[in-house]
Amino acid sequence: MVKVIKKGLETSVQDYPGRIGTLNQGFPASGPMDSWSFRLANILVGNKTGEAALECQFVGPTLKFENDRTIAITGANMSPKLDGKQIPLWESIEVKENQILEMEFAAIGARSYIAFSGGINSEPWLGSRSTFHKAGVGGINGKAIQNGQTLPLGENKIITKRKIKKNSIPIMSTDKNWSIEVVLGPNDDWVDKKGHEIFLNSKWKLQAKSDRTGYRLDGPRLSFTEKATNKSLENGSEPSNIIDQGYPAGAINLAGQTPIILVNDGPSMGGFINPYTVPSSAFWKLGQAKPGDTFNFVEVSVEKAQLLRSEQSIVCSEESLESFNNNKEIDNNITIKKIAPIKVIDFEKNKLDEKKRRKMMEKNGLKNMKIRFFN
């Protein structure tokens, strides 16, 4: 168990990937804003990557441990101290009963993650422990952690020292500028060529009026196609208005001339166009950006976005542990299975062979005969 001495600024329980399959009931996925750092924190303490942990926003908490535990802190650097002594990020830390963890303001990045061996054992809601603040559900009593609360933890696990490889740690911006990938759509045809050029070649400033629901951006005005300006009344009066539609996670919602990136706690539908969508692989950057930071958007294909996500998932595994390749202790935690040799099929050659077989059948008067071929 862990006692909350100081709650920090909206420190909440989250799990990964969050609350999936509930948008039709009006509840977003929630979950960690920076799932890259979150998953690696769990790897460090021997948990599954999705186990519930703490997301600390801008200012971290002060916690007192009521029993021995292994912890790990990743993400933004909030200068964590254990009994007044500085402790490192991105590696497992052994904590003893009655020791106190203190965290300060985020120097680089915006959100830190604290994982505990055994995970946070709060009551799941709709299949997830993730906190959705605005509806007051998930987490602990549906809210950020509070002073004096006790965090319930799962059964402690005894593991040996773990550390993340340097090249597996996300590189955070130190100059307040972020390059964010976007894919076109679903409503990119409502913005004209000039509008797209403006959007992709401008710096957009993150407003202070932003949270886990949406990131509001300041920047230049965009221009629209005739589809947006010459439309039927049910689509609304503004060029960015549209008949209510579903919103994908990461949609860049154009409310008038204000782009709003719909993040983890964002709405599932509404009446504004979404010319672009931020892919899930870039969400970690959004999670680590502070108000006043600037974004420049880089268009990528859907295939590229999927590749980036796959690469990130590989990084967020035990392969990112420094000892993964040369320390036998890791071998005790994984199962290696042999698989049969992989057969590579040339589908184009198969199609050609099939055509040849059909022609031969027709030539021999076997057009209407059903034949099954076996290798």
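Here the structure is a predicted model, which is why all the values come from computation and not from measurement. Sequence order as written defines the numbering, with residues in each chain counted from 1. Two thresholds apply to this predicted model, a pLDDT of at least 70 for residue-level local features and 80 or more for giving and counting side-chain atom pairs, whereas whole-chain, interface and lining totals are computed over all residues. Excluded from the side-chain calculation are hydrogens and water; included are all heavy atoms of the structure.

*Asks:* Please explain the sheet that holds strand β7 (residues 85–86) as it appears in this structure.
*Replies:* Two modes of strand pairing occur in sheets, parallel and antiparallel, and in both the strands are linked by backbone hydrogen bonds. Paired strands, as defined in this entry, are two strands with at least two bridges between them according to DSSP. Numbered from the N terminus, helices here are DSSP runs of H or I no shorter than four residues, and strands are runs of E no shorter than two. Here we have six strands laid out as an open sheet, ordered β7-β6-β9-β4-β1-β11, and antiparallel in their pairing. A single partner strand is all that each edge strand has here, and the edge strands are β7 and β11 (150–151). Here strand β6 (residues 81–82) runs beside strand β9 (residues 100–102); their pairing, made up of two bridges, is antiparallel. In the sheet register, L82 faces β9, and the bridge partner there is L101.

*Asks:* Help me understand the side chain of S317 in this model?
*Replies:* The residue S317 is located in the loop between α5 (302–315) and α6 (328–331) in this model. The exposure class assigned to S317 is buried, which follows from its relative accessible area of 18%. The contact definition used throughout considers only heavy atoms, calling two residues in contact when any of these lie within 4.5 Å. Discounting residues that sit within four places of it in the chain, S317 has contacts with L40 and I43. Each residue is placed in one exposure class: buried if its accessible area under a 1.4 Å probe, protein chains only, is under 20% of its type's maximum, exposed if it is over 50%, and partly exposed if it falls in between.

*Asks:* What exactly am I supposed to notice about the sheet that holds strand β8 (residues 92–95) here?
*Replies:* Ordered in space as β2-β3-β10-β5-β8, the five strands form an open sheet in which the pairing is antiparallel. Since the sheet does not close on itself, it has two edges, and those belong to β2 (12–14) and β8, each with one partner. Averaged over neighbouring strand pairs, the angle between their axes works out to 30° when direction is ignored. Interaxial angles span 0 to 180 degrees and are taken between N-to-C directions of axes, which are lines fitted to C-alpha atoms, for helices over the stretch in contact. Helix α1 (residues 35–44) contacts β2, β3 (53–57), β5 (69–77), β8 and β10 (108–116) of the sheet and is inclined by roughly 155° relative to β5.

*Asks:* Got a minute to help me understand α1 in this structure?
*Replies:* For an α-helix, 3.6 residues make a turn, and residues three or four places apart therefore share a direction. Within α1, 10 of the 10 residues are buried, which leaves the element mostly enclosed by the surrounding structure. Burial in α1 covers these residues: S35, W36, S37, F38, R39, L40, A41, N42, I43 and L44. Polar contact is the term for a pair of N or O atoms within 3.5 Å; when the atoms are in protein, one must be able to donate a hydrogen and the other to accept it, and sequence-neighboring residues count only if both atoms are side-chain atoms. Between a side-chain oxygen at the N-terminus of α1 and the backbone nitrogen of W36 the separation is 3.2 Å; the capping residue is D34. Directly after α1, the chain includes G46, whose backbone phi takes a positive value near 80°.

*Asks:* How should the nonpolar core be read in this particular structure?
*Replies:* Nonpolar side chains tend to gather and get buried jointly when the protein is soluble and globular. With 72 residues, the main nonpolar core has L101, F116, I261, F295 and F297 as its most contacted residues. Beyond its immediate stretch of four places on either side in the chain, F297 contacts I180, V182, F199, L200, W204, L217, I252 and I261. Here the nonpolar core consists of buried residues drawn from Ala, Val, Leu, Ile, Met, Phe, Trp, Tyr and Cys, with membership extended through side-chain atoms lying within 4.5 Å.

*Asks:* Can you walk me through the pattern of salt bridges in this structure?
*Replies:* Pairing between side chains becomes possible if they bear opposite charge and their charged atoms approach one another. For this document, the term salt bridge refers to a Lys or Arg side-chain nitrogen within 4 Å of an Asp or Glu carboxyl oxygen. What the rule picks out here adds up to 11 salt bridges. R212 is the salt-bridge partner of E55, the closest N and O atoms lying 2.8 Å from each other. Separated by 157 residues along the polypeptide, E55 in strand β3 and R212 in the loop between β13 (204–206) and β14 (214–218) bring together distant segments of the chain. Judged by its relative accessible area of 1%, E55 falls in the buried class. On the accessibility criterion, R212 (3% relative accessible area) is buried. As a salt-bridge pair, K81 and E104 come within 2.8 Å of each other at their nearest N and O atoms. In this pair, K81 is assigned in strand β6 and E104 in the loop between β9 and β10, connecting sequence segments 23 residues apart.

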